[in-house]
Amino acid sequence: MENVKISGIQLFLLIIGFLFGSTSILTPVASAKNDAWLAVIIGGLGGACLVWMYVAIAVLNPSKTLVEILRNRFGKYLGNAIAILYIWYIVHFSALTFRNFGEFIVTVTYPETPMVVIIGIFAALLVYAVNSGIEVVSRSSELFVPLLFVIIIIISLSLITTHDFTAFLPLLENGIKPVLHAAFEFATFPLGEIFVFLMVFPHFNKKINNLKKIAAFSVIIFILLYLWSIFEYLFVLGKDLLYRANFVPHIIASLIPNSNLEPLIDIYLIIGGGVKISICIYAAAKALSQVFGISDYRKLVTAVTTFSVVLSVWVYENLLEMVEFAQKVWPYYSIPFQIVIPLILLLSSYRAKTD
Amino acid sequence: MNTVLVLIIFAILIFHDLSRFIKQKDPIKVIAIYTFIMSASLVVSLLLAAGRRPPGPAEWIEWMLKMIGVVR
């Protein structure tokens, strides 16, 4: 493995940037309407359990990537086959993030520009970052991800006069079912996607036990910030608009009186989406190079990114299809990759350690 | 026009990478995997550019989940 190390603060900011990737424009809990905040809490707890599971796998298999763990636990052939499925899944969700980014920019900022041009330019930038190594991506996140906190605070404070603090009432107006469904969506998107970090954790430069603290801290901070954002969306837009709108943060930013702060959402998305897609491309290229025994993952970065860009254009015909897939299909499609296989890995790793 | 653009972009990417692989004397498996992924991307891109969008992975996945009965 390449001798690259990332610090605790870098890992923390990478996780935060990754989690804010697509959630900076899509609102996975919007289907719970005025109980969206409850869905964030329940889904956050579920998602935190998933993240705990991934970190436990990393702690039980120190210095091993996801591909190496799969090979160790399932044997060379089955392990490689499952690793290839994981590579597909990672490339698929990096394509979905590219598409989210493209749809948002084309709908809101550059309506005259073809989406593939915007995605292509963004991809070229990310290929450069990933080819420079995970250390460079981490340092960039150290520089840019703190801006996300600033943007969230600026937008929240700018709208403080337009809040209706009773908008989240009545509680459980539509019963618990939509809340649980939205909570499940939130647990799988974005929290469950943290499994990708199983390709990054081996580069962590501190004791492996510190990983638990950093992961827990990152997830808690993310859930609190997201809860804050959801309350803000509810207080400003109300439940109906929150449910119907496609790009809620953009609408929120456009409502700020006497100023045009909409570009802040673009910056928010470029930082979050950039970190998320960089990690995905790195993980997919690295996993592919390990499966086929290639010494340097960089040789496959351009190919993986090109496929991801093509897939992002191919995967949906329009915006509505994208939103429907994200809400109805994605959570169930994610179950084997985010829950079932990691659970088997955790149990077998624990058993191997106790034996 | 779109098809020509797609061909030019892929030609530049493939020429740039393959010449690097050959210069660095990379193993044949690197070239094989690279060629496989780029060919798949090129075929899909050409179909999309020609306005003949093949059924996408989102549709396959939805179909599979519907077959299992997970999604209605």
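Residues numbered from 1 in each chain as written. Chains lettered and ligands numbered in written order. Predicted model: local features only at pLDDT ≥ 70, side-chain atom pairs only at ≥ 80, totals over all residues. Heavy atoms only, no water.

Even after reading the chapter, I still don't get the nonpolar core, so can you show me in this structure?
Within soluble globular proteins, side chains that are nonpolar tend to cluster in buried spots. Among the nonpolar cores identified, the biggest contains 155 residues, and Leu11(A) and Phe197(A) are the most heavily contacted of them. In this structure, Leu11(A) is in contact with Ile6(A), Phe197(A), Val200(A), Phe201(A), Phe204(A), Leu211(A) and Ile214(A), ignoring residues within four places of it in sequence. (Core = buried A, V, L, I, M, F, W, Y, C linked by side-chain atoms within 4.5 Å. Buried < 20%, exposed > 50% of the residue type's maximum accessible area, 1.4 Å probe, protein only. Contact = heavy atoms within 4.5 Å.)

Would you explain the packing of helix H3 (residues 66–74) of chain A against helix H4 (residues 76–109) of chain A in this entry?
Two numbers describe a pair of packed helices, the interaxial angle and the distance between the axes. All names here are of chain A. Packing of H3 against H4 leaves a shortest axis separation of 7 Å and a crossing angle of 145°. Crossing of H3 over H4 shows right-handed handedness. Note on element contacts: H4 touches H3 through Lys-76, Leu-78, Gly-79, Asn-80, Ile-82, Ala-83 and Tyr-86, opposite Leu-66, Val-67, Leu-70, Arg-71 and Phe-74. Residue composition of the contact of H3 with H4, grouped by class: eight nonpolar, two polar and two charged. (Axes fitted to C-alpha atoms, helices over the stretch in contact; angles between N-to-C directions. Helix = DSSP H or I, 4+ residues; strand = E, 2+ residues; numbered from the N terminus. Left-handed = near helix turned anticlockwise from the far one by under 90°. Nonpolar A, V, L, I, M, F, W, Y, C, P; charged D, E, K, R; others polar.)

I tried to follow a nonpolar patch on the surface on my own but got confused; where do I start?
Residue and element names in this part refer to chain A. On the surface, Leu-143, Phe-144, Leu-147, Val-150, Ile-154 and Ile-267 cluster together into a nonpolar patch covering about 510 Å² of accessible area. Residue assignment for the nonpolar patch shows that the elements contributing at least two residues are helix H6 (134–144) and helix H7 (146–158). Looking at the nonpolar patch element by element, the count peaks at three residues for H7. Residue position: Ile-154 is located in helix H7. (Patch = residues over 30% accessible without salt bridge, like charges linked within 9 Å, V, L, I, M, F, W, Y side chains within 5 Å. Areas by Shrake-Rupley, 256 points an atom, 1.4 Å probe, with all protein chains shown as cover. Salt bridge = Lys/Arg side-chain N within 4 Å of Asp/Glu carboxyl O.)

So what exactly am I meant to see when it comes to the environment of Val127(A) here?
Residues and elements named next belong to chain A. Looking at the element boundaries, Val-127 is found in helix H5 (residues 115–132). Val-127 gets classed as buried once you look at its relative accessible area, which sits at 15%. With eleven residues separating them in the primary sequence, Val-127 and Val-116 have C-alpha atoms 16 Å apart. If near-sequence neighbours (up to four positions away) are discounted, Val-127 is found in contact with Val-301, Thr-302 and Thr-305.

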